[in-house]
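Below are the chains, spelled out letter by letter.
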Amino acid sequence: AASSTAASSAAGSALFGGEFEFEVLTAKASRESVYQEAAFLHKPSRTLLLCDAVISTSAEPPPILLSEPEYRRALLYHARDDPLEKVEESPAVLRKGWERIALFANFFMPGSLVTLETGAWLSAAPRTPMPELGWGGVLPFSWKASTSKAFDAFSAGGRPAVAPIIQIILSRAPEQASAWVQR
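Quick summary incoming for the structure in this document. Here the residue numbers are simple positions, counted from 1 along each chain's written sequence. This being a predicted model, a pLDDT of at least 70 is required before a residue's local features are given, and a value of 80 or more before pairs of side-chain atoms are given or counted; all residues contribute to the totals for chains, interfaces and linings. To obtain the side-chain values, all non-hydrogen atoms of the structure were used and water was disregarded.

1. Quick word on unusual backbone geometry
Here's step 1: Positive phi, normally seen in glycine, also occurs at Trp135, with a value near 60°.
Here's step 2: For Trp135, the location among the structural elements is in the loop between helix H4 (118–124) and strand S7 (141–143).
Here's step 3: On the basis of relative accessibility, which here comes to 69%, the residue Trp135 falls in the exposed class.
Here's step 4: Phi is positive for Ala156, which is not a glycine, with a value near 45°.
Here's step 5: Relative to the helices and strands, Ala156 resides in the loop between helix H5 (147–155) and strand S8 (161–162). Secondary structure elements follow DSSP: runs of H or I no shorter than four residues count as helices, runs of E no shorter than two count as strands, and numbering proceeds from the N terminus. Note on classification: 1.4 Å probe, protein chains only; a residue is buried when its accessible area is under 20% of the maximum for its type, exposed when over 50%, partly exposed between these limits.

Pasting the structure below:
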């Protein structure tokens, strides 16, 4: 049985200079852990701030991922279809890497991910044409041709959605989650 507790702005109305109301949900995520989410309402602007529950995934990589060489390198790493593929940086290649990172981060093992045989990726690693991408040339997975379609379905044109892992957690405490949303 899931358990939950809540903290709210009723318990601390002087916090944040009185400009914010807040509600905190604590729900049992598993036997060993709890999940907490905070919702803040900025009263003057009527702006709702959520920490983790709702995400919006754009078709283009977020600007922060394009702003640093390390992040761009990660996008290039994930854009490869094969351990021995050399990719050239372009908006399309960066977008391909972003799609894959977003799916991997939100689904852990998305259906469009293909795990390569150990012998294939391990023997290819020392021969990588792009050692600068890191991980010793290792790329232990590839992606199905349907990956872009899966990303489009997941991102839904950037519409806000509850993250998949959060849906699972909230399903374990439906009454508490519903009460939190209603507050």
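2. Describing the pairing of strand S3 (residues 34–42)
Here's step 1: Across the nine residues that make up S3, a large majority, seven, are buried.
Here's step 2: Strands pair, by our definition, only if DSSP identifies at least two bridges between them. Note: strand S2 (residues 20–28) against S3, nine bridges, orientation antiparallel. Counted as the bridge partner of Phe20 is His42 from S3.
Here's step 3: In textbook terms, the turn of a hairpin is the stretch between consecutive antiparallel strands, and for S2 and S3 this stretch comprises five residues.
Here's step 4: Pairing between S3 and strand S4 (residues 47–50): four bridges, direction antiparallel. From the neighbouring strand, Phe40 faces S4, where its bridge partner is Leu49.

3. Brief notes about the environment of Ile166
Here's step 1: Along the polypeptide, Ile166 turns up in helix H6 (residues 164–171).
Here's step 2: In the structure, Ile166 is positioned 114 residues away from Asp52 in sequence and 8.0 Å away in space, judged by C-alpha atoms.
Here's step 3: Once residues lying within four places of it in the same chain are set aside, the contact partners of Ile166 are Tyr35, Asp52 and Ala53. When checking whether two residues touch, look at their non-hydrogen atoms; a contact exists if any pair is within 4.5 Å.

4. Let's talk about the pattern of salt bridges
Here's step 1: A pairing counts as a salt bridge when a side-chain nitrogen of Lys or Arg comes within 4 Å of a carboxyl oxygen of Asp or Glu. This model, assessed by the stated rule, comprises seven salt bridges.
Here's step 2: In this structure, Glu60 and Arg95 form a salt bridge, with 2.9 Å as the shortest nitrogen-oxygen distance. Here the residue Glu60 occupies a position in the loop between strand S5 (54–55) and helix H1 (63–67), and Arg95 occupies one in helix H3 (residues 91–107), the gap between them amounting to 35 residues.
Here's step 3: For Glu60, a relative accessible area of 41% gives the class partly exposed.
Here's step 4: In this structure, Lys96 and Asp81 form a salt bridge, with 2.7 Å as the shortest nitrogen-oxygen distance.

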